Amino acid sequence: MTYDFDQIIDRRYSDSTKWHKYGPDVLPLWIADMDFVSPEPVIHALRARIEHGVFGYGMELPELNETLVDLLYKRYDWQVSPESLVMLPGVIAGFNLAGRAVTVPGDGILMQTPVYPPILRAPTNMGLSRDEAALMRLADGRYAIDFDAFKAAITARTRMFLLCNPHNPVGRVFQHHELTRLAEICLRHNLVICADEIHCDLVFQGHPHLPIASLAPEVADRTITLMAPSKTYNLAGLKCAFAIIPNATLREKFLAARVDLVHGTANLLGYVAALAAYRDGQPWLDELRRYLAGNGDCVRQYVDTHLPPITMGTPEGTYLAWLDCRQVQIPLNDPYTFFLERAKVALNNGMDFGQDGQGFVRLNFGCPRVLLIQALDRMRQALATL
Ligand SMILES: Cc1ncc(COP(=O)(O)O)c(C=O)c1O
């Protein structure tokens, strides 16, 4: 290993949300950032930019756009023009802007639940209805798309499908045939697709990411794709993301929605970090993916061996495990509070991901393995007291 992902970095007394929210006796495996340092080229580039000492309004970096265009072509055989890229301070801002750009109050946004809470909340922010299509949990803990439920959730007022792929929290990386079917249905119903693909780089062997917009020009024509270096290179605090909107009319609407809500461009240090990460971060990312896959296997084996009847599907991407605790006799069917109080491990409450998250918790395994095992040991000991 060239990079030391086993290194423990003390973030407890830093400005980290993850490490600050709970007391010093709690191990935080909740909010989605990783306890790893970013790649050295990123730190080097930031240091050089900081030395300049002037931090007025920045501008988009043409070199970043060119690097992204190259990358999208190399990775996905997807050809986009540099003009189709729109810089953003974050992906959450991106899907909220997409909603504002294509809907009017009373319309609906379609989504697959359980899902990342800000996606779940997005329709309410805009006076829209939430058109929910529940994913189907199979016996082995894997989730599949229930296409009948998906079609049934579409109403005459549904305007946009807010896709999350790779999916947070269930860890699926949707396959070509699944995405094709979703796209066909959206086309048939004239829906705009907003694809939150923030976890696209964090996929494991045998589960390649496929941007839905890269399926066909007619899909790209109605899709707003959102990506970012923030999950991949652990840069969430630098606030930099981007949208890919090949359709000029749709892009204009999105830009009009962005004008005052996201005044100016994104964070200039975010651009600097993003450029260095995408240009020079690949060797780091290759090893990170191997490490995360190892962590995912570790959680899976631990859960199977030591935590039954808790079950989970094998993560195909992301660094999130979605634990089904419904068969455990946990007070009030509330595993979040149970593990927080009795194990001193902070996870995400499944209820925050929608009604079908009741009895589930989300565990973030983007941390050194010893820490992960420490948390799992604590959870095992807490369960033993039941
Ligand atoms: C699916 C998904 N979208 C968006 C975000 C957050 O994006 P940002 O911090 O760029 O707004 C996250 C963070 O966990 C996420 O998992």
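Notes on the structure follow. The structure presented is a predicted model; accordingly, all values stated were derived computationally and were not measured.

Bringing the overall build of the chain into the picture now. Across its full length, the chain holds 13 helices and 15 strands. For the chain, whose C-alpha radius of gyration is 21 Å, the value lies close to the compact-globule estimate of 21 Å for 386 residues. In terms of overall dimensions, the chain has a C-alpha envelope of 60 × 55 × 35 Å along the principal axes. Looking at the chain residue by residue over its 386 residues, the buried ones come to 57%. In the chain, of all internal contacts separated by at least 6 residues, the share reaching a separation of at least 24 is 73%. Carbon together with sulfur atoms contributes 53% to the accessible area of the chain, which is approximately 16,300 Å² in total.

The next point concerns the pairing of strand 15 (residues 360-364). With five of five residues buried, strand 15 is to be regarded as a mostly interior element. Residue alternation in strand 15 divides its side chains into two sets, F360, R362 and N364 and V361 and L363, and both sets are buried. As paired strands, strand 12 (residues 320-324) and strand 15 are joined by five bridges and run antiparallel to one another. Its bridge partner lying in strand 15, L323 is registered against V361.

A few words now on the sheet that holds strand 8 (residues 192-196). Reading across the sheet, the seven strands line up as 2-10-9-8-7-3-4 and stay open at both edges, with mixed pairing between neighbours. Bordering the open sheet on either side are strand 2 (85-88) and strand 4 (129-134), each of which pairs with just one other strand. The mean inter-strand angle of the sheet, taken between neighbouring strand axes irrespective of direction, is 25°. Sheet analysis places strand 8 next to strand 9 (residues 223-227), joined by four bridges and oriented parallel. Bridge pairing in strand 9 places I193 opposite T223.

Okay, the sheet that holds strand 15 next. In spatial order, the strands read 11-12-15-14; together these four strands make up an open sheet with antiparallel pairing. The open sheet has two edge strands with one neighbour each: strand 11 (311-312) and strand 14 (348-349). Across two bridges, the pairing between strand 11 and strand 12 is antiparallel. Note on strand 12: the bridge partner recorded for T311 is D324.

Further remarks concern the state of the cysteines. For the structure on display, the rule yields zero disulfides. C240 forms no disulfide, and the closest cysteine sulfur to it belongs to C200, at a distance of 13 Å. Summary of cysteine pairing: C298 is not part of a disulfide, and the nearest cysteine sulfur, belonging to C367, is at 9.1 Å. On the basis of relative accessibility, which here comes to 15%, the residue C298 falls in the buried class.

So, how was this worked out
Residues numbered from 1 in each chain as written. Predicted model: local features only at pLDDT ≥ 70, side-chain atom pairs only at ≥ 80, totals over all residues. Heavy atoms only, no water. Helix = DSSP H or I, 4+ residues; strand = E, 2+ residues; numbered from the N terminus. Rg over C-alpha atoms; globule rule 2.2 N^0.38 Å. Buried < 20%, exposed > 50% of the residue type's maximum accessible area, 1.4 Å probe, protein only. Contact = heavy atoms within 4.5 Å. Areas by Shrake-Rupley, 256 points an atom, 1.4 Å probe, with all protein chains shown as cover. Pairing = 2+ DSSP bridges. Axes fitted to C-alpha atoms, helices over the stretch in contact; angles between N-to-C directions. Disulfide = S-S within 2.5 Å.

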